[in-house]
Amino acid sequence: MIEREVKLKLKSPSLEELEKLLERRSVKLDEEVQEDIYFNYKYRDFKDSDEAVRLRKSNNEYELTYKGPKTGNYGKSREEITVRISEKDVQNINIIMERIGLYKAFTVKKTRKNFKIDSYIISLDRVEGLGDFVEVEGQDVTESQLKDFFQKFIDDFQIKGEVTNISYLELLLRGYDKSK
Ligand code: ATP
Ligand code: CA
Ligand code: CA
């Protein structure tokens, strides 16, 4: 219910090199091709309210997610509610969204490779138009546990990059330069 994660724009090693290291030193989970449609709302701008409504296609599965405003002081923590949707319901979900005033604002595409170390999921993300990122999400951990794990993780794997609180969507909307 509470999502706690840190996002880093990867400088080094390369995503491929980091993947090889993680294959040796963590538990490999699934690989996903994700297409996310973010909605905005006629009656309240989600950019201002810091909320998100998203329809995600991940490989061949669909899910609908609500995210609440960010809280806390480190990384990103927020309420997250997700429901699975069967393919045959996607069309009707889209119609319901439209009827109540939710409209499609932007699409984000990426590939995501997931790994697990202890209670943490490490995602290697290659985002179309943005470049390579690493996300670390803690399951049932406190902000300070996430912070400590993340610090140790980047030290152990000698990861260089820039930690950011900015979402993929916002980075794309800003026309973020991936050469930076
Ligand atoms: P997840 O961690 O759930 O797999 P993700 O890693 O693909 O998601 P993030 O960048 O972590 O993507 O989160 C999506 C972000 O998009 C949210 O932080 C949300 O606040 C932001 N967002 C949603 N709608 C808008 C909007 N209309 N304008 C700007 N930002 C938005
Ligand atoms: Ca994320
Ligand atoms: Ca997440």
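Residues numbered from 1 in each chain as written. Chains lettered and ligands numbered in written order. Predicted model: local features only at pLDDT ≥ 70, side-chain atom pairs only at ≥ 80, totals over all residues. Heavy atoms only, no water.

Taken together, the protein ligands of the calcium ion (ligand 3) are Glu-3 (OE), Glu-5 (OE) and Glu-137 (OE), with distances of 2.2 to 2.3 Å. Site description for the calcium ion (ligand 3): donor spacing in sequence, E-x1-E-x131-E. Exposure remark for Glu-5: the relative accessible area of 3% places this residue in the buried category. Here Glu-137 falls in the partly exposed class, since its relative accessible area comes to 26%. (Donors = N, O, S within 2.8 Å, 3.2 Å for Na, K, Ca; no water. Buried < 20%, exposed > 50% of the residue type's maximum accessible area, 1.4 Å probe, protein only.)

Moving on, we come to the coordination of the calcium ion (ligand 2). Angles at a metal have ideal values that depend on geometry: 109.5 degrees with four tetrahedral donors, 90 or 180 degrees with six octahedral donors. Note on the calcium ion (ligand 2): its protein donors are Glu-5 (OE), Glu-5 (OE), Glu-135 (OE) and Glu-135 (OE). The metal-donor distances range over 2.3 to 2.7 Å. Between the two metal centres, the calcium ion (ligand 2) and the calcium ion (ligand 3), the spacing is 3.7 Å, with Glu-5 acting as a shared donor. Remark: Glu-135 occurs in strand 8 (residues 131-138) and Glu-5 occurs in strand 1 (residues 2-12); sequence separation between them is 130 residues. Glu-135 carries the same exposure label as Glu-5, and that label is buried. (Helix = DSSP H or I, 4+ residues; strand = E, 2+ residues; numbered from the N terminus.)

The subject of this paragraph is the side chain of Ser-49. Structurally, Ser-49 can be placed in helix 2 (residues 46-49). Under the relative-accessibility criterion, Ser-49 is labelled buried at 18%. At 2.7 Å, the side chain of Ser-49 forms a polar contact with the side chain of Glu-51. With residues up to four places along the chain from it excluded, the contact list for Ser-49 reads Arg-44 and Pro-69. (Polar contact = N/O pair within 3.5 Å; in protein donor to acceptor, adjacent residues only side chain to side chain. Contact = heavy atoms within 4.5 Å.)

Scanning the entire structure with this criterion turns up 6 aromatic pairs. Arranged with centres 3.9 Å apart and planes meeting at 5°, the rings of Tyr-120 and Phe-149 form a pair that is stacked. In this pair, Tyr-120 sits in strand 7 (residues 120-127) while Phe-149 sits in helix 4 (residues 143-156), placing the two residues 29 residues apart along the sequence. For the pair shown, Tyr-120 and Phe-149 are each scored as buried. Where Phe-133 meets Tyr-168, the ring centres are 5.0 Å apart and the plane angle is 75°; that geometry is what we call edge-to-face. Separated by 35 residues along the polypeptide, Phe-133 in strand 8 and Tyr-168 in helix 5 (residues 168-173) bring together distant segments of the chain. The buried category is assigned to Phe-133, whose relative accessible area is 0%. A network of ring pairs unites the aromatic residues Tyr-120, Phe-149, Phe-153 and Phe-157 as a single cluster. (Phe/Tyr/Trp six-rings, centres within 6.5 Å; stacked < 30°, edge-to-face > 60°.)

Three or four residues apart is the spacing at which side chains of an α-helix point the same way, because the helix has 3.6 residues per turn. For helix 3 (residues 87-100), built from 14 residues, the straight-helix expectation of 20 Å at 1.5 Å per residue is met to within 8% by its first-to-last C-alpha distance of 21 Å. Residues of helix 3 that are buried include every one of Val-90, Asn-94 and Met-97, and no others. Buried residues of helix 3, viewed axially, fall in a sector of 65°; they line one side. For helix 3, the exposed residues lying more than 90 degrees away from the buried face are Lys-88, Gln-91, Ile-96 and Arg-99. The elements touched by buried residues of helix 3 are strand 2 (27-41), strand 3 (52-58), strand 4 (61-67), strand 5 (76-85) and strand 6 (102-117). Remark: Gly-101 follows helix 3 within two positions and exhibits a positive phi of approximately 105°. (Expected span 1.5 Å × (residues − 1). Arc of directions from axis to C-beta.)

Let us now look at the side chain of Asn-114. Position of Asn-114 relative to the elements: it lies in strand 6. A polar contact of 2.9 Å, which involves the side chain of Asn-114, links it to the side chain of Glu-32. With sequence-adjacent residues up to four places away left out, Asn-114 is seen in contact with Val-27, Lys-28, Leu-29, Asp-30, Glu-32, Ile-121, Ile-122 and Ser-123.

Per the UniProt record, "domain: CYTH" (unreviewed entry) is annotated on residues 1-174. Secondary structure content for residues 1-174 is 28% helix and 50% strand, and the end C-alpha separation is 29 Å. (UniProt positions renumbered as here; feature names shortened; annotations may be inferred.)

Right, let's talk about unusual backbone geometry for a bit. Most peptide bonds take the trans configuration, and most residues that are not glycine carry a negative phi. Residue Pro-13 is reached from Ser-12 by a cis peptide bond, and omega for that bond is -5°. Along the polypeptide, Pro-13 turns up in the loop between strand 1 and helix 1 (15-25). One non-glycine residue with positive phi stands out, namely Asp-50, at about 60°. Classification of Asp-50 by relative accessible area gives partly exposed; the value is 24%. In this structure, Asn-59 takes a positive phi of about 50° despite not being glycine.

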